[in-house]
Amino acid sequence: MSAPDYVELHARSAFSFHRGASAPEQLIRTAASLDLPALAILDRNGVYSAPRAYQKGREHGIRSIVGAELTMDDQSVLPLLVQTRQGYQNLCRLITRSQLRSPKGESQVEWSELEEFQEGLICLTGDEEGALRQLIARRELPKAQATLEKLIEIFGQDRVYVEIQRHHLRGENRIITQQLEFARSLKLPIMATNGVLYATEQGRTVLDVFTCLRHHTHLDAADGLLTQNAERYLKSSTSMQQLFADLPAVSYTHLRAHETV
């Protein structure tokens, strides 16, 4: 893989209800400074960043890819990327429907709704609050496989990606190993993302403050709630290639696999 082939396909902005620390414009500017050709911003339960990211992307020659992290009715998180115009309409319909029936400020998509609105959407599986990673972490492997099989049934074999993230955290190698085993056994494509929460390393401090606000606490009392390091920033193609040098199957799936609108 040549270094410019990498695209970050799972970033959150500051429009993610205190789960991201950078404005969409800052994320786009940083992507441009790293010579990334495109960037996907997946805000929590909405496409709030899309207009501003699109405009700033046009200024910097960066293709802005739309998506969202949906909160499901079991409280797990499902990241979806828009692949087509129909996919954008379907994602917006899912979000609108879930918000209309939920209390103000909340949103829950029912798993049973996904099949109706799956067309034109790509499913990722690597969010730390996602069902797959949570089940693997709890060693509930049959349930984890059943979750992947359900997603394949809904979206199809070619639109479910085993998403790998590496943040130098204790226990993550076991999770990655199991993710790769599922990808092999179920013949699913693999994707590396950094699960970006801030544009640069300095954004970690802002995220920590936002985390405290979200949990109604303060920094001195928030130890277990804060991220363990500052790895979740937007990284260059070279950095990501080096990060996954031991997993060559992860390294070439990005642009080729994602002809998104």
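Use the structure listed above.
Residues numbered from 1 in each chain as written. Predicted model: local features only at pLDDT ≥ 70, side-chain atom pairs only at ≥ 80, totals over all residues. Heavy atoms only, no water.

A. Inspection of the overall build of the protein chain at higher detail. Counting its secondary structure elements, the protein chain contains 9 helices and 7 strands. Over its C-alpha trace the protein chain gives a radius of gyration of 17 Å, about what one expects of a compact globule, namely 18 Å for 261 residues. Principal-axis analysis of the C-alpha atoms places the extent of the protein chain at approximately 45 × 40 × 40 Å. Within the protein chain, the fraction of its 261 residues that count as buried is 54%. For the protein chain, the proportion of contacts with a sequence separation of at least 24, taken over those separated by at least 6, is 76%. Working note: accessible area of the protein chain is about 12,100 Å², and carbon and sulfur atoms make up 50% of it. Seen as two clouds, the 29 positive and the 32 negative side-chain charges of the protein chain have centres 1 Å apart. (Helix = DSSP H or I, 4+ residues; strand = E, 2+ residues; numbered from the N terminus. Rg over C-alpha atoms; globule rule 2.2 N^0.38 Å. Buried < 20%, exposed > 50% of the residue type's maximum accessible area, 1.4 Å probe, protein only. Contact = heavy atoms within 4.5 Å. Areas by Shrake-Rupley, 256 points an atom, 1.4 Å probe, with all protein chains shown as cover. Lys, Arg positive; Asp, Glu negative; His and termini not counted. Charge placed at Lys NZ, Arg CZ, Asp CG, Glu CD.)

B. Spotlight on the nonpolar core. The biggest cluster of nonpolar side chains holds 56 residues, and the ones touching the most others in it are Leu39, Leu70, Leu91, Leu114 and Phe155. With 6 residues, the top contributor of residues to this core is helix α5 (residues 141–155). Beyond its immediate stretch of four places on either side in the chain, leucine 39 contacts Val7, Glu8, Ala11, Leu27, Ile28, Ala31, Ile62, Arg63, Ser64, Ile65 and Leu234. Membership of the second largest hydrophobic core comes to 11 residues, among which are Leu9, Ala38, Leu42 and Leu124. (Core = buried A, V, L, I, M, F, W, Y, C linked by side-chain atoms within 4.5 Å.)

C. Highlighting unusual backbone geometry. Positive phi values are uncommon outside glycine, yet histidine 18 reaches one of about 70 degrees. In the Ramachandran plot, aspartate 35 falls in the positive-phi region, its phi being about 60 degrees despite a non-glycine side chain. For aspartate 35, the position within the fold is in the loop between α1 (24–33) and β2 (38–44). By relative accessible area, which is 61% here, aspartate 35 ends up exposed.

D. α1, seen in detail. Those residues of α1 lying buried are Pro24, Glu25, Leu27, Ile28, Thr30 and Ala31. Check the buried side of α1 and you find it contacts β2 and α2 (50–60). Following α1 by one or two positions, aspartate 35 has its phi on the positive side, about 60 degrees.

E. Up close: the state of the cysteines. Taken as a whole and assessed by the stated rule, the structure comprises 0 disulfides. With no disulfide partner, cysteine 123 has as its closest neighbouring cysteine sulfur the one in cysteine 92, 17 Å distant. What makes cysteine 123 buried here is its relative accessible area of 0%. (Disulfide = S-S within 2.5 Å.)

F. Region of the structure containing the packing of aromatic side chains. Scanning all chains against the criterion turns up 1 aromatic pair. The ring of tryptophan 111 carries the charged tip of lysine 150 above its face, separated from the ring centre by 4.7 Å. (Phe/Tyr/Trp six-rings, centres within 6.5 Å; stacked < 30°, edge-to-face > 60°. Lys NZ or Arg CZ within 6 Å of the ring centre and 35° of its normal.)

G. Geometry of the pairing of strand β4 (residues 77–82). For β4, the tally of buried residues reaches 6 of 6 residues, placing the bulk of the element in the interior. Both faces of β4 are covered, namely the face carrying Val77, Pro79 and Leu81 and the face carrying Leu78, Leu80 and Val82. Direction of pairing for strand β3 (residues 63–71) relative to β4: antiparallel, over a ladder of 5 bridges. Following the sheet pairing, threonine 71 is matched in β4 by valine 77. Counted along the chain from β3 to the antiparallel partner β4, the turn is 5 residues long, and its residue glutamine 75 has a positive phi close to 75 degrees. As defined by bridge partners, β4 adjoins strand β5 (residues 121–124) across 3 bridges and the pair is classed as antiparallel. (Pairing = 2+ DSSP bridges.)

H. Spatial organisation of the sheet that holds β4. Taken together, the 7 strands give an open sheet; going across it, the order is β1-β2-β3-β4-β5-β6-β7, and neighbouring strands pair in mixed fashion. Of all strands in the sheet, those bounded by a partner on one side alone are β1 (8–11) and β7 (190–192). Neighbouring strand axes in the sheet, compared pairwise and without regard to direction, differ in orientation by 30 degrees on average. In the packing of helix α3 (residues 85–101) onto the sheet, contacts are made with β3, β4 and β5, and the angle to β3 comes to roughly 30 degrees. Strands β6 (160–164) and β7 of the sheet are contacted by helix α6 (residues 172–186), whose axis makes an angle of about 155 degrees with β6. (Axes fitted to C-alpha atoms, helices over the stretch in contact; angles between N-to-C directions.)

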